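# A structural walkthrough
Residues per chain, in single letters:
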Amino acid sequence: MTDKETKKISKFLSLILRHNPAAVGIELDHEGWANVAELITKINAKKGWGLTVEQLDHVVATNNKKRFAYSQDGRRIRANQGHSIQVDLGLEAVDPPAILYHGTATRFLDSIMEQGLISKSRQHVHLSWDIETATTVGKRHGKVVILQIDCANMLADGHLFYLSENNVWLTDHVPVKYIALNDKGS
Ligand code: HQG
């Protein structure tokens with residue numbers, strides 16, 4: 001399979017497993033799992049692809065952000081984060097580092113500095129370990145700006161943080177008082 005094909009399948013899986021399982025006529029359970037055999041059959045019916053279990057394995061194993069995971073018995077698959085539908089990933093709250101980063105676009109700044117960071121269509125606000133990752137995330141939206149998040153004080157004030165299977169920090173909301181502009185990121 002070429003990289004281009006792998007990416008096309010990965011993007012479609014993200015759509016199905018994070019946002020819209022009904023697009024291929026499947027349902028996810030409350031933890032976000034889909035049945036692998038059913039998923040493959042329904043994707044092929046919908047898209048006219050000849051996707052095999054081996055190809056799906058390849059997409060999951062080579063995904064640059066480890067976006068997907070199989071259940072232990074290999075019969076179910078889910079997205080590790082990024083959902084807009086309500087699923088329970090079973091994440092436990094963990095203490096974050098003192099500072100995390102959020103990359104966004106300059107056009108969102110005024111609104112962010114009024115409302116704080118909100119999760120919008122997703123289940124959580126996503127935060128990055130480092131400026132480099134945050135820059136990649138922010139660039140998707142336009143001219144990038146990096147925000148520095150005071151997690152030490154958020155934690156002290158009772159905010160909860162989660163770390164997804166694929167190493168993305170998640171929290172519900174970042175109020176304005178914990179946000180500072182980081183000019184090194186632009
Ligand atoms: C912004 C990708 C106005 C927020 C990435 C962001 C990530 C506000 C956008 C993951 C706001 C939402 C998530 C406010 C937040 N007013 N704008 N009050 N609060 N925003 O895509 O964090 O490749 O839902 O700054 O790598 O960009 O899909 O979130 O710019 O991990 O696996 O609203 O998606 O991962 O955009 O990205 P998104 P995100 P994948």
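Figured I'd write up the structure that's included with this text.

Another aspect to go through is the side chain of asparagine 63. Structurally, asparagine 63 is set in the loop between helix H3 (53-62) and strand S2 (68-70). In this structure the side chain of asparagine 63 is engaged in a polar contact, spanning 3.0 Å, whose partner is the backbone nitrogen of arginine 67. Once residues within four sequence positions are removed from consideration, asparagine 63 is found in contact with Ser10 and Phe68.

This brings us to the environment of glycine 103. Note on placement: glycine 103 falls in strand S4 (residues 99-105). Residue classification places glycine 103 among the buried residues on the basis of a relative accessible area of 3%. Linking glycine 103 and histidine 126, residues 23 residues apart in sequence, is a C-alpha distance of 9.3 Å.

Attention now goes to the pattern of salt bridges. Applying the stated criterion to the full structure yields 2 salt bridges. Here arginine 76 makes a salt bridge to aspartate 29, at a shortest N to O gap of 3.6 Å. Of this pair, arginine 76 sits in strand S3 (residues 76-79) while aspartate 29 sits in the loop between helix H1 (3-19) and strand S1 (34-35), and the two are 47 residues apart along the sequence. Its relative accessible area of 32% is what places arginine 76 among the partly exposed residues. In this structure, the salt-bridge partner of glutamate 38 is lysine 42, at a minimum N-O distance of 3.0 Å.

Criteria and cut-off values
Residues numbered from 1 in each chain as written. Predicted model: local features only at pLDDT ≥ 70, side-chain atom pairs only at ≥ 80, totals over all residues. Heavy atoms only, no water. Helix = DSSP H or I, 4+ residues; strand = E, 2+ residues; numbered from the N terminus. Polar contact = N/O pair within 3.5 Å; in protein donor to acceptor, adjacent residues only side chain to side chain. Contact = heavy atoms within 4.5 Å. Buried < 20%, exposed > 50% of the residue type's maximum accessible area, 1.4 Å probe, protein only. Salt bridge = Lys/Arg side-chain N within 4 Å of Asp/Glu carboxyl O.

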